[in-house]
Amino acid sequence: MLNLRAALLAVPLAAGLLGAAPAQAATTNSLTCQGKGIDPTARLHHRAETFVKAPLSTVWRLHTRVESWPDWQKSVTSMKRLDPGQWHPGSRFRWTTPAPATPSTPATTLVITSTVHQLEPGQCVRWSGPAIGQGLRIDRGTHVWNFVPVPGGVLVRTEESWTGQQIEADPATARKYLAQGLDLWLADLKTAAEARCQH
């Protein structure tokens, strides 16, 4: 069986760090964007949220200008838009993140190709796609983001599901690192957005 422990730690596809709320399992009230949520049949899913002390416009712009992700997300090593213009349903982007060596796999780079399916500017976005590296594969990650203005800032909520035979062979480990990936993403988003408001 593939040792997923180290490899999945680097996957930010996705609470427990400072500023993140406790996680919730996917339920009938899962996050949605235009009525669509994570894969309801997925065995692996996680939900987290954080409060960002910044204007909605700052948080939304930072999150959806994917070309700048490597500037503020520690684990995103490259990013490329696959189509021009404003983000819209059907927009595609390809990004990479390192996965360290494990006892059964060499160090690899996961290549993630994401397609936007639903989008409400300033409110929500939903995308999905595979993550593929040498010796590691997530067949489909489905990721939903909600942005809720609240007094003093924005409540950012996110939920993601993973499917694939390889990761489903060790669900406890996969869930653990899915959760850590989402927590790290939220922490980086919070740090970057709040730093922009201090200038």
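Refer to the structure above for everything that follows.
Below is a short write-up of the structure. Note that the structure is a prediction, hence the values are computed from the model and not measured.

Re the overall build of the protein
- Helix and strand counts for the protein come out as five helices and seven strands.
- The buried share among the 199 residues of the protein stands at 53%.
- Carbon and sulfur atoms provide 54% of the accessible area of the protein, an area that totals close to 9,100 Å².

Focus on unusual backbone geometry
- The backbone of Q34 shows a phi angle near 55°, a positive value even though the residue is not glycine.
- Topologically, Q34 is positioned in the loop between α1 (5–9) and β1 (44–52).

Observations concerning the pattern of salt bridges
- Under the defined criterion, the tally for this structure stands at six salt bridges.
- R81 is the salt-bridge partner of E67, the closest N and O atoms lying 3.9 Å from each other. Here E67, found in the loop between α2 (56–64) and α3 (69–72), pairs with R81, found in strand β2 (residues 78–81); they are 14 residues apart in sequence, far enough to count as distant.
- What makes E67 partly exposed here is its relative accessible area of 46%.
- R81 gets classed as buried once you look at its relative accessible area, which sits at 15%.

A look at the layout of surface pockets
- Its boundaries defined by the atoms lining it, the largest pocket holds a volume of some 240 Å³.
- Lining the largest pocket, in full, are W60, R61, T64, R65, E67, R81, G85, Q86, W87, L119 and P121.
- For the lining of the largest pocket, the element with the most residues is α2, which contributes three residues.
- Of the residues that constitute the lining of the largest pocket, the class distribution is four nonpolar, three polar and four charged.

Thresholds, definitions, all that
Residues numbered from 1 in each chain as written. Predicted model: local features only at pLDDT ≥ 70, side-chain atom pairs only at ≥ 80, totals over all residues. Heavy atoms only, no water. Helix = DSSP H or I, 4+ residues; strand = E, 2+ residues; numbered from the N terminus. Buried < 20%, exposed > 50% of the residue type's maximum accessible area, 1.4 Å probe, protein only. Areas by Shrake-Rupley, 256 points an atom, 1.4 Å probe, with all protein chains shown as cover. Salt bridge = Lys/Arg side-chain N within 4 Å of Asp/Glu carboxyl O. 1 Å grid on protein atoms, 1.4 Å probe; cavity = no way out; pocket = protein on both sides within 12 Å on 5 of 7 lines; lining within 4 Å. Points joined across faces, edges and corners; volume = space filled by probe spheres on them. Nonpolar A, V, L, I, M, F, W, Y, C, P; charged D, E, K, R; others polar.

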